[in-house]
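This is what each chain is made of:
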Amino acid sequence: MTLKNCLVLAAAGLLAISGPALAESYGPFPVTVKGYGGDKSDSTSYTGQAARQVLHNSLKKLAGMGDGSNAAEIKSQMMAYYAGKEEGRAILDPKSKDDFVVLQTEVDQISKGKDLKGKTYKGVVNGWPRKMTGSEVIEFMIDKAATAKGGFDPLTGYDYPQLISKFAMGAVFYNQAVDNYLDEKLAANNKPNNKPYSEGKHYTGKEHSWDEGFGYFGAPAHALSLDAKQAYGIAKKKDIGVADYNKDGKVDLYREMTYAHAYYAADADKSGTNYLHTIFRAFLDGRKLITAAEGEALSDAQRAQLIGYADTIKTNWEQVIAEAAFKYAGSVYKDLEKLQTIVESGGDANDAFRAYGKHWGELKGFAMALEAGGKDLGEVGVRMNRLIGYGPVLLGGGQVIGIDASGDYVIGGNQDMGNYMVHMLKLQKLLAEAYSLSARKNDATAELENLIESLGESLATEND
Amino acid sequence: MFELTAQNLLADWAGQFLDPRKRLFWGYLGSAFLIALIWMVLLGRERPVSACRKLLARDLWCSASARADYAVFLINTILMGSIVPRLLGHAAVAVFCFSLLHDLFDGRASLLPDAPAWAIAAGFTLVLFVVDDLARYVVHRLMHAVPLLWAFHKVHHSATRLNPLTVLRTHPVEGILFVLRGALVQGLCIGIFVYGFGDRVSLVMVLGANAFKFVFNALGANLRHSEVPIRYWSWLENFLLSPAQHQIHHSENPRHHDRNFGVVLACWDRLFGTYCHSEPNQELRYGLGPAVADPHSLYTLYLLPFREGVGFLHRIFIRRWRRQLTPPLVPTDQYQSNRAIYEID
Ligand SMILES: [Zn+2]
Ligand SMILES: [Zn+2]
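Residues numbered from 1 in each chain as written. Chains lettered and ligands numbered in written order. Predicted model: local features only at pLDDT ≥ 70, side-chain atom pairs only at ≥ 80, totals over all residues. Heavy atoms only, no water.

Trainee: Could you give an account of the overall build of chain B, with specific residues and numbers?
Mentor: The helix and strand tally for chain B stands at 15 helices and 2 strands. Out of the 345 residues in chain B, the part that is buried amounts to 47%. Within the structure as shown, chain B displays about 18000 Å² of accessible surface, and the carbon and sulfur contribution to it stands at 68%. Charged side chains in chain B number 32 positive and 25 negative. The centres of these two groups are separated by 5 Å. (Helix = DSSP H or I, 4+ residues; strand = E, 2+ residues; numbered from the N terminus. Buried < 20%, exposed > 50% of the residue type's maximum accessible area, 1.4 Å probe, protein only. Areas by Shrake-Rupley, 256 points an atom, 1.4 Å probe, with all protein chains shown as cover. Lys, Arg positive; Asp, Glu negative; His and termini not counted. Charge placed at Lys NZ, Arg CZ, Asp CG, Glu CD.)

Below is the structure:
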């Protein structure tokens, strides 16, 4: 205990003295492939993943661009970003804003011929009706989003940009990283380190596999020199000074942007957790280990250590998603409270209902993302899906309970708003316990705990 | 590891005297001492020096009863600190109430939306205090009424001399019941208030303690367990229990048995017919009388209650078993053999 405290203090002291100088970035790393004759000097490569990050950002943008009359056009555009590999696709997000200038404007400038569909979770998604696979869910949603005005369907409460975005983050990025690159690709004979990733490449099999996992996380390469607020702010295009690490005046969407899960890790970390740096550090340490092998096959001991880093990443990454679901369960709870007040006073509930749909979409998307990690969530998954349901409970008490043969939503049931609020309370409790959450944003029972805390423990044996 | 534990224990022991949320906080002990002194000098016409001598008398503080109090205090800190997670139940009860209310009233209530936060905090603090006082009355009364519970509460009443530390002369089993009582009361109040008033609820505190508790403790709550028979005017005793009234609760005299179960407010005893005024110049003998042979031994304080408790349970279950084992539910020969077993005692 004391020793640990000393170490922590010493580490903090060191950091305070040497400041950003200690922070390391993810890459560049030397080329270690034996017999490589090319002119490349940096073996780091995750451009394909960065390209998919901007594809995802752009897809989300498009999902909110339907106006009720442009369905066919919007749908084909969305499919181009989801399932297409065509050249010439513009980056719809992130785009330059004021003095926050981004370097790339087309996807191909980062990497060519990339799509999302090919990398989407192949398993069945239990949280969505009709036992669809990951990509079936996304394509179904794309179809619906194209006809919805601004991506929102007031009859069901579905906010498609949120649903598509949050689920795709899980079904593509999280799934690819934890179920592929940090899983089977760590096996000794899968993408070995003593061979180039593929003929003529300047990185080894293991180097590139690991880099790809890192690319899906979505952190800027210099994340260790950023605090949670700064890393979060980059995605919000807050301060180019913070984002532009190489000081070329532009933000490189490949190496200097915060995307997807790294953004949500930073969001949680603003409440005191350390997910972003923990995950980043594990990726960095793993990459250093691989680099240090200098192009030789990894020994069993090295691979065991690498698997240890991978486990750290998987655990924390899962927590990041669960923290986000927890946060939005709290938002949904608050939205229901607001809606109730408005309905009781006979006010106009439109805006509040819209906000409710948005938060519900984020909640649902993250909950389905948890499922897409490729491991059976067991009882937790079942309870989570039952508490949330297929759709938000509507003002009349119904909610989506299924999808019929022609692809139309079936609305049924009659659940009280109050009861749905209880579901959100139970959901937060479930997530907090199942995933040992500690950021716990928007905790709907936080006031209860604060009060209990303020009462303190009374002496149990004080008689009267 | 052992060092850490020892340190924690020392901190726990010292904490009893340093934490203003606890009855034995040095400030409360000091104020009780002053109140007793002033009372003896002004009303008892004693000289300050002799009053002090009486209050600090060696035969009181070093009596067998007092020494048992100290031992129980030290031992309980070890036992309770390690086995009882003290705040766990509170949150469970609070969340349960809070959730239940959503279902009962379909959604979240926002009561008195225009009331200022200080008023709600004052209301919460008062309600918590009153409900807690009532719960203490009820549990205390049950401790006397139910033989199984009395076996454990007897430990508190076995004190033959009263000093402020007697307040901690409590069997750990009773301590666990107190934890549950606290969880129920606090969880209930917090759950209901937060449901109705949201983040406007807070506790009015003085030195980190509930303001009402603070006043109660600062005004000499420690004298309840002392031999200074401070009484109030008769009209005041009708509202607030005086130290002398709690001393009556500890009286060996059967005439005083089952009187004054309350802590702060007299209304519960008055309402449920267990109230008793203090008496002028009351001279009481404390404890359980000659029925208990060795009231201050660790065996009597810790193990005897279990033996007695098991005895009660044994008798109750034997009766049940007998009823269940009557024919024709059980074949006769088996019944006979069972009977033989159970009728040995
Ligand atoms: Zn007492
Ligand atoms: Zn009693």
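Trainee: I'd love a proper account of the side chain of Q104 of chain A, names of residues and values included.
Mentor: Residue and element names in this part refer to chain A. Tracing the backbone through its elements, the reader meets Q104 in the loop between α3 (71-82) and α4 (134-147). By relative accessible area, which is 7% here, Q104 ends up buried. A distance of 2.7 Å separates the side chain of Q104 from the side chain of D252, its partner in a polar contact. A polar contact of 2.9 Å, which involves the side chain of Q104, links it to the backbone nitrogen of L253. (Polar contact = N/O pair within 3.5 Å; in protein donor to acceptor, adjacent residues only side chain to side chain.)

Trainee: Lay out the coordination of the zinc ion (ligand 1) with the relevant residues and their values.
Mentor: Residue and element names in this part refer to chain B. Binding of the zinc ion (ligand 1) to the protein goes through H156 (NE2), H225 (NE2), H246 (NE2) and H250 (NE2), at separations of 2.0 to 2.2 Å. For the zinc ion (ligand 1), the 4 donor atoms are set out with angles of 92 to 165 degrees between them, so the coordination reads as irregular. Site description for the zinc ion (ligand 1): donor spacing in sequence, H-x68-H-x20-H-x3-H. The zinc ion (ligand 2) is placed at 5.9 Å from the zinc ion (ligand 1). Here the residue H156 occupies a position in helix α8 (residues 147-157), and H246 occupies one in helix α12 (residues 243-249), the gap between them amounting to 90 residues. Side by side, H156 and H246 carry an identical accessibility label, which is buried. (Donors = N, O, S within 2.8 Å, 3.2 Å for Na, K, Ca; no water. Tetrahedral: all angles 85-135°; square planar, octahedral: opposite > 155°, others 65-115°.)

Trainee: Could you give an account of the interface of chain A and chain B, naming the residues involved and the relevant values?
Mentor: Many structure descriptions define interface size as the accessible area lost when the parts assemble. With 26 residues of chain A at the interface, the matching set in chain B holds 49 residues. Taken together, both faces of the contact between chain A and chain B bury some 3400 Å²; the carbon and sulfur share is 61%. Summed over the shared surface of chain A and chain B, the number is 2 salt bridges. Close ionic contact of R108 of chain B with E447 of chain A constitutes a salt bridge, the shortest N to O distance being 3.9 Å. At the junction of chain A with chain B, the criterion picks out 11 residue pairs in polar contact (both at pLDDT 80 or more). Those elements that provide at least two residues to the side of chain A that touches chain B are α11 (300-344), α14 (417-434) and α15 (446-455) of chain A. The residue makeup of the side of chain A that touches chain B, split by class, is 12 nonpolar, 8 polar and 6 charged. (Contact = heavy atoms within 4.5 Å. Buried area = accessible area lost by both parts, 1.4 Å probe. Salt bridge = Lys/Arg side-chain N within 4 Å of Asp/Glu carboxyl O. Nonpolar A, V, L, I, M, F, W, Y, C, P; charged D, E, K, R; others polar.)

Trainee: Please give an account of the coordination of the zinc ion (ligand 2) that cites residues and values.
Mentor: Residue and element names in this part refer to chain B. Taken together, the protein ligands of the zinc ion (ligand 2) are H140 (NE2), H144 (NE2), H153 (NE2), H157 (NE2) and H249 (NE2), with distances of 2.1 to 2.2 Å. Counting gaps between the donor residues of the zinc ion (ligand 2) yields the pattern H-x3-H-x8-H-x3-H-x91-H. Given a relative accessible area of 6%, H140 falls into the buried group. Residue H144 is classed as buried on the basis of its relative accessible area of 15%.

Trainee: Outline a positive patch on the surface, supporting the account with residue identities and numerical values.
Mentor: Among the surface-exposed residues, R315, R319, R320 and R323 of chain B lie close enough to one another that they form a single positively charged patch. Note that R320 of chain B resides in helix α14 (residues 298-324). (Patch = residues over 30% accessible without salt bridge, like charges linked within 9 Å, V, L, I, M, F, W, Y side chains within 5 Å.)

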